Amino acid sequence: QVQLVESGGGLVQPGGSLRLSCASSGRGFEINAMGWYRQAPGKERELVAASTSGGSTNYADSVKDRFTISIDNAQNTVYLQMNNLKPGDAAVYYCNARVYFADERGDDEVWGPGTLDTVSS
């Protein structure tokens, strides 16, 4: 079993910064990739940033000049540094991990419960 827990969300003014963290826990698995998604009111959930265990990254066009994703492989933790936040960035942010179990469970995808980021003056 794998569990993801996000932290770091909150209220920030436009132009400010937030740093999100997502820690994984469990046993018997390897992480192939981790990422961040978000869902704003009236919109579908969208990919914000993702990173593979090999170090490759990708970003949504709307954030790639402001956000940075990183993974601490030793701690199985993914971070999202968000700078120059805009009102359009306000959303519930979800941590995601693609994992592989050594037993018969094989590949799986795990989601965190989400953390709310509010960008408002």
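Preceding this paragraph is the structure being described.
This is a predicted model, so every value here is computed, not measured.

**Comments concerning the environment of Tyr-93**
For Tyr-93, the location among the structural elements is in strand E9 (residues 91–101). For Tyr-93, a relative accessible area of 0% corresponds to the buried category. Taking the C-alpha atoms as reference points, Tyr-93 and Val-48, separated by 45 residues in sequence, lie 8.8 Å from one another. A distance of 2.9 Å separates polar atoms of two side chains, one belonging to Tyr-93 and the other to Arg-38. Here Asp-89 takes part through its backbone oxygen, which lies 2.7 Å from a polar atom of the side chain of Tyr-93.

**Regarding the state of the cysteines**
Under the criterion given, the structure shown has one disulfide. The disulfide partner of Cys-22 is Cys-95, and the gap between their sulfur atoms is 2.0 Å. One disulfide, between Cys-22 and Cys-95, carries an S-S torsion of -85 degrees and so falls in the left-handed class. Linking Cys-22 in strand E3 (residues 18–26) with Cys-95 in strand E9, this pair joins segments that are 73 residues apart in sequence. Of the residues examined, Cys-22 reaches a relative accessible area of 0% and is grouped as buried. On the accessibility criterion, Cys-95 (0% relative accessible area) is buried.

**A word on the sheet that holds strand E8 (residues 77–82)**
Read from one edge of the open sheet, four strands run E1-E3-E8-E7, paired in antiparallel fashion. Strands at the two margins of the open sheet, each flanked by one partner only, are strand E1 (2–7) and strand E7 (67–72). Taking each pair of neighbouring strands and ignoring which way they run, the sheet shows an average axis angle of 15 degrees. Looking at chain direction, E3 and E8 are connected through six bridges and run antiparallel. Residue pairing across strands places Arg-19 opposite Gln-81, the latter belonging to E8.

Calculation notes
- Residues numbered from 1 in each chain as written.
- Predicted model: local features only at pLDDT ≥ 70, side-chain atom pairs only at ≥ 80, totals over all residues.
- Heavy atoms only, no water.
- Helix = DSSP H or I, 4+ residues; strand = E, 2+ residues; numbered from the N terminus.
- Buried < 20%, exposed > 50% of the residue type's maximum accessible area, 1.4 Å probe, protein only.
- Polar contact = N/O pair within 3.5 Å; in protein donor to acceptor, adjacent residues only side chain to side chain.
- Disulfide = S-S within 2.5 Å.
- Pairing = 2+ DSSP bridges.
- Axes fitted to C-alpha atoms, helices over the stretch in contact; angles between N-to-C directions.

Take it as geometry only, folks, not as evidence of what the structure does.
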